Structure formats: C-alpha cells, structure tokens
Amino acid sequence: MELIERFINYTKFDTQSCEDSQSVPSTEKQLKLAQFLRDELVREGFSDVELDEQGYVYATLKGNVKKEVPTIGFISHYDTSPDCSGANVRARVVENYDGGDIELSPGMVSSPQKFPELLQHVGEDLIVTDGKTLLGADDKAGIAEIMQAMCYLRDHDDIKHGDIRIAFNPDEEIGMGAHHFDVEKFGCQWAYTIDGGDLGELEYENFNAAGAKIHIKGVSVHPGYAKGKMVNASRLAAEFIAMLPADETPEATEGYQGFYHLTGIKSATEGATLSYIIRDHDREKFEARKAFMRQCVEKMNEKYGADTFEADINDQYYNMKEKIDPNMHVIDLVLKAMQDCGVPSRVRPIRGGTDGAQLSFKGLPCPNIFAGGVNFHGPYEFVSVQVMEKAMQVIVRICELTASYND
C-alpha cells in the first residue's frame, strides 16, 4: 500500500533534533529528509515547491473551483524527539493484530498489560519498531497522510477544493518548529497540524510552556581539606530539586494539571545545571509556576550566597485556545469531516504543545488533528495503518467541505 510505503520510507531518515543546538535546523541530518520531501513533491506534480535555507518545505495543490474559496493548509514536522534514538529505524507491519504481546526484539515486548492502548487496535495492522529506536510516527505519519491525501485529491478531480498549502518543518520536538515558519508566504486563512495521537483526537487547547535552566556555582576543593571551603554543586542541585512539589511532575498529573519536569542534570562539584520544562493550561497558574521557581532560586541564594544559583527561564509557547475561540469554524469543519468519515471525535486538551500553538499566535489559527501514533518518543511507539487511512480521509473531506464554506 502506498501510504505504508511512504511512511516507512520516511522513518529510514534519522531526523532527531537537538535542544542544545543554535543552528536552524538544529541538526544538519534533518535536511536529508527535507530534500527528499521537496523532490517527492516535485515528482508528484505539486506547485510552488520550495525548500528554504532553514529546512522548511512548502508546496501547493492548486484548486479546481472557479469561485473564491479560503486557502487552507496542512502542516507536519519531520524531526523526531531527542529522547530516543531515531537512527536505523527498522519498522515492520504486524498484520491483523490479535490483542496479544508483540515481541519487538529478544527481551523487548510490547504488551497490552503495560500499554492497554494496543487493545483499541485489535484486528488492525500495526507498524512497530524493533525495540531499539523510536518509530517516528510523531510526525512522519502526519507527513505521509498529508502527502497521500494531496495525491488523492490530485487524482480525483470530481472532489472540489480550493488551493491547499502544504508545509513540513524541522525542530518541533524542541519547541522551535514554528519560529521560522513564514506565515505570510504560506498564505492561508487557517491551517491544521496533523500531529495528534490516536483515532479522532482533535486538540485546540495546549499547555502554556516554558523552558528553565538552573545554573549552580560550586567550589571544588580536595575533600580531605574541604571543611568551610567546598560548595558541592551536585548536593545543592539535589536540594533544589527537593524544593519543587513531588506531586506536580508529569508522572503524577493528568488532564488540565500542570507540572515541573526535570529533563536533565549536568553535575559536578564545581558546577551543575538543571534543565526543566514548566507546563500549565491556565495562564495565571503558568505564571505562578515560573515565579515559584524563581523564589526557590532566591531562597537558595539567601542560604548559600548571592549568585550561587541563577535561573534562565524562557517562554516557549502559549495555549492556542484564546486564538481558536474566535475562529470556531475551523473546529466545526473538522468535526463535520470526522462525522462524514465515520470517525468518533475526541476533543481533548493537549498535554504538550504543537507548532499550531505558536502559529495561532502568529495569526494562523491552527488546531491539531490525529495522525495515529501511540506511545511517542520511545521504542514502544506504534501506529495503526487503518487509523492513518482515516486521517487521510479526514484531510480530504476537510478540503472538500472548505470548498463550500462560503455557500
């Protein structure tokens, strides 16, 4: 099947992004897939195909109606998470999944006991990894679905639609995917990221997000002669970590509950850096979380001396809901498309973020639609072929419904 072949081809590219990089894209290897996608778009006959110097791929499927129709867009990112290797991905299809354990490789088993989401896909064909890498359905499944949907529309002139814009971008996984996205050039009234999870997910609420680096200055002295002299930055780091609420972490929260997430520690006696992400759907609570972290830094400086601790906190994106609420027609179209395609809709807040959040604040309303992947960012990731097909159908139907939007 062409959809499966497209997706598996994309997973063969290692496109892991890097949050410590200052380049755009953050890793040069991402450009290999960007170039492949550009060439594929040209081969498939799309218009206005462009790969800019920062790795953003744009293209157009020209409309086939004479009347004025809104130009809409579909967007997916091609980078994969820094949390797990994306090199040498070996994807395979488990046909007609029977509801049991799936042995990914010796000693690596994807079991419905640990991942009950599997049971929602009994009888479907699942694409899985070999247990050594992530799969990359986040978000190469979205790219495959958009590409397949555009080719379907190209080949079915009886389905009426306006101009459809396509974009594939780097660095979403490190919160930078929309930073260099050219909204003006994209030229859409609204758009959709195809970057959600399982069947029917529709998201237009997301976390407010910030990244934090807590830098700690220590003093390294020979431990035999350290009394009154040594300042052990590693020990101070542990003390700081304990100041944050233990029940406000990702593993202890759900729904609309926010959290502090310690994503990394670089530590030695003479210095340490703690990396955090801060998340909350509620803007006031989000601001309060950042303020609390700064207060913790102040308390540690009062205890151990000024400038021992330094906080570097930067906002990453905000809750798109405030930008979608005045434009609910973009949601109504998706709900109607899902209904027409036999997809039960599941409107839910994102416990994360998408490029669409930042794009919405740049003037492009951009909710998020399911792409089908489950268990992102790890070796147990999988995607259902049948769900991918439904996502493709929903994209096609949105385009068709938009053509009659002004009727």
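A few points on the structure. For clarity, every value in this text was computed on a predicted model and none was experimentally measured. (Residues numbered from 1 in each chain as written. Predicted model: local features only at pLDDT ≥ 70, side-chain atom pairs only at ≥ 80, totals over all residues. Heavy atoms only, no water.)

What follows deals with the overall build of the protein chain. What the protein chain contains, in helices and strands, is ten helices and 18 strands. For the protein chain, whose C-alpha radius of gyration is 23 Å, the value lies close to the compact-globule estimate of 22 Å for 407 residues. Based on the C-alpha atoms only, the size of the protein chain along its principal axes is roughly 80 × 50 × 35 Å. Contacts in the protein chain between residues at least 24 apart in sequence constitute 79% of all its contacts with a sequence separation of at least 6. Entry remark: accessible area of the protein chain is about 17,800 Å², with carbon and sulfur atoms responsible for 47%. On the protein chain, the mean spot of the 41 positive side-chain charges and the mean spot of the 66 negative ones are 3 Å from each other. (Helix = DSSP H or I, 4+ residues; strand = E, 2+ residues; numbered from the N terminus. Rg over C-alpha atoms; globule rule 2.2 N^0.38 Å. Contact = heavy atoms within 4.5 Å. Areas by Shrake-Rupley, 256 points an atom, 1.4 Å probe, with all protein chains shown as cover. Lys, Arg positive; Asp, Glu negative; His and termini not counted. Charge placed at Lys NZ, Arg CZ, Asp CG, Glu CD.)

Before going further, it helps to spend a moment on the pattern of salt bridges. As enumerated under the stated definition, the model contains 24 salt bridges in all. Glu-44 is paired through a salt bridge with Arg-6; the nearest N and O atoms lie 3.0 Å apart. Of this pair, Glu-44 sits in the loop between helix H2 (30-43) and strand E1 (47-51) while Arg-6 sits in helix H1 (residues 2-11), and the two are 38 residues apart along the sequence. Each member of the pair, Glu-44 together with Arg-6, is buried. One connected set of salt bridges, linked through shared partners, spans Glu-2, Arg-6, Glu-40, Glu-44, Arg-154 and Asp-155. (Salt bridge = Lys/Arg side-chain N within 4 Å of Asp/Glu carboxyl O. Buried < 20%, exposed > 50% of the residue type's maximum accessible area, 1.4 Å probe, protein only.)

Within the secondary structure layout, Asn-206 lies in the loop between strand E10 (201-203) and strand E11 (208-217). Classification of Asn-206 as buried rests on a relative accessible area of 0%. For Asn-206, the side chain forms a polar contact with the main-chain oxygen of Tyr-318, separated by 3.0 Å. At 2.8 Å, the side chain of Asn-206 and the backbone nitrogen of Met-320 are in polar contact. Sequence-distant contacts of Asn-206, that is, excluding residues within four places in its chain, are made with His-281, Tyr-317, Tyr-318, Asn-319, Met-320, Ile-350, Gly-352, Gly-353 and Ala-357. (Polar contact = N/O pair within 3.5 Å; in protein donor to acceptor, adjacent residues only side chain to side chain.)

Our focus in this paragraph is the sheet that holds strand E18 (residues 382-384). In space, the four strands of this open sheet follow the order E4-E7-E18-E17, with antiparallel pairing throughout. Two strands lie at the open edges of the sheet, namely strand E4 (92-94) and strand E17 (373-374), each paired on one side alone. By the bridge criterion, three bridges tie strand E7 (residues 126-128) to E18 in an arrangement that is antiparallel. Across the sheet, the residue bridging to Val-128 is Phe-382, located in E18. (Pairing = 2+ DSSP bridges.)

In this section: the sheet that holds strand E12 (residues 259-268). On the basis of which strands lie adjacent, the open sheet formed by four strands has the order E12-E13-E11-E14 and antiparallel pairing. Single-partner strands in this sheet number two, and they are E12 and strand E14 (309-317). Adjacent strand axes in the sheet meet at a mean angle of 15°, parallel and antiparallel pairs treated alike. Direction of pairing for E11 relative to strand E13 (residues 271-280): antiparallel, over a ladder of ten bridges. Residue pairing across strands places Asn-208 opposite Asp-280, the latter belonging to E13. Running at roughly 20° to E13, helix H5 (residues 233-243) makes contact with E11, E12, E13 and E14 of the sheet. Against the sheet, helix H6 (residues 283-304) touches E11, E12, E13 and E14, its axis set at about 165° to E14. (Axes fitted to C-alpha atoms, helices over the stretch in contact; angles between N-to-C directions.)

Once that is clear, we can look at the nonpolar core. If you look at the biggest cluster of nonpolar residues, it comprises 67 residues, and the most contacted ones within it are Phe-7, Phe-74, Met-150, Phe-168, Tyr-192, Ile-369 and Ile-398. For this core, the element with the most residues is helix H10 (residues 385-402), which contributes eleven residues. For Phe-168, the residues in contact, after removing those within four places along its chain, are Leu-37, Leu-41, Gly-55, Tyr-56, Val-57, Ser-76, Tyr-78, Ile-143, Ile-146 and Met-147. (Core = buried A, V, L, I, M, F, W, Y, C linked by side-chain atoms within 4.5 Å.)

Take it as geometry only, folks, not as evidence of what the structure does.
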